[in-house]
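Here is how the chains run, residue by residue.
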Amino acid sequence: MIDGVPGAGELTPEETLGARIREFRLARRMSLRALALLAHTSPGFLSQLERGQANASVGTLRKLAEGLGITLPDLFTDDDVTRPKVLRREHRPEIHTSNLTSKYLLSQKPLRNLEVYVADFLPGGNSGDAYTHGDVQEMLVVISGSVTLELAGAEYQLNRGDSAEYRTSTLHSVRNTNSEPAEVIWIISPPTLGAP
């Protein structure tokens, strides 16, 4: 940068922020209009913001981050998305569900294209009452043991290696009614605000 003028290939802070907002929006397959509605702003303003041609207040950025399912600092973190990330088993972030179920987030934040969770179900463990979260693609894969998947009131017995694919807008829950522990993985794309 010479005399405050960005050189060829360099992005201004406004352009960098705009590009990150656009990256997260496209990863979630959201239109400008859909995100603008969630952030209480106009699609035209959001388009200008994504091109680095407008500035947003902290309040608007906070609403945009919330609409994208990320935190405000995620918009400013300079993560190298091409850099491999290794997560050791002992460092998995745990999401407390119950004494019979342990659930961990495997995809590292900020979530971009997908959300991945692993859960261990002891006998009698479950994911709680049937619920929905957003309306995106979700896949459940049984890694070990056997679980019962409830989808829209129908029950499916899934064994090791079995999988099921459905929309997150479908009422769903998982439980282990067997005498052996079970392990499952959820893969969600694009990420949703709620956890499976």
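Everything in this summary refers to the structure shown in the same document.

Conventions we followed
- Residues numbered from 1 in each chain as written.
- Predicted model: local features only at pLDDT ≥ 70, side-chain atom pairs only at ≥ 80, totals over all residues.
- Heavy atoms only, no water.
- Salt bridge = Lys/Arg side-chain N within 4 Å of Asp/Glu carboxyl O.
- Helix = DSSP H or I, 4+ residues; strand = E, 2+ residues; numbered from the N terminus.
- Buried < 20%, exposed > 50% of the residue type's maximum accessible area, 1.4 Å probe, protein only.
- Polar contact = N/O pair within 3.5 Å; in protein donor to acceptor, adjacent residues only side chain to side chain.
- Phe/Tyr/Trp six-rings, centres within 6.5 Å; stacked < 30°, edge-to-face > 60°.
- Pairing = 2+ DSSP bridges.

1. Here we look at the pattern of salt bridges
Two side chains with opposite charge may pair up if their charged atoms get near one another. Counted according to the given criterion, the structure contains three salt bridges. Between Glu155 and Arg175 there is a salt bridge, with its nearest N and O atoms 2.5 Å apart. Placement of the pair is Glu155 in strand β6 (residues 154–159) and Arg175 in strand β8 (residues 172–175), with a sequence separation of 20 residues. Take Arg175: its relative accessible area is 25%, and that puts it in the partly exposed class.

2. A short note on the side chain of Ser146
You can see Ser146 is positioned in strand β5 (residues 146–151). On the accessibility criterion, Ser146 (11% relative accessible area) is buried. Within polar-contact distance, the side chain of Ser146 engages the side chain of Gln157 at 2.4 Å. Of the polar contacts made by the side chain of Ser146, one reaches the backbone oxygen of Leu158; its length is 3.3 Å.

3. Thoughts on the packing of aromatic side chains
Under the defined criterion, the tally for this structure stands at one aromatic pair. Relative to Trp186, the ring of Phe121 has its centre 6.3 Å away and its plane inclined at 65°; by these criteria the two rings are edge-to-face. Placement of the pair is Phe121 in strand β3 (residues 115–121) and Trp186 in strand β9 (residues 182–189), with a sequence separation of 65 residues. Accessibility expressed as a relative area gives 0% for Phe121, which makes it buried.

4. Structural notes on the pairing of β9
In terms of burial, β9 is largely enclosed, as six of its eight residues are buried. Pairing of strand β4 (residues 137–144) with β9, which is carried by seven bridges, proceeds in the antiparallel orientation. Its bridge partner being in β9, Val141 is matched across the sheet by Ile185.

None of this, on its own, says anything about what the molecule does.
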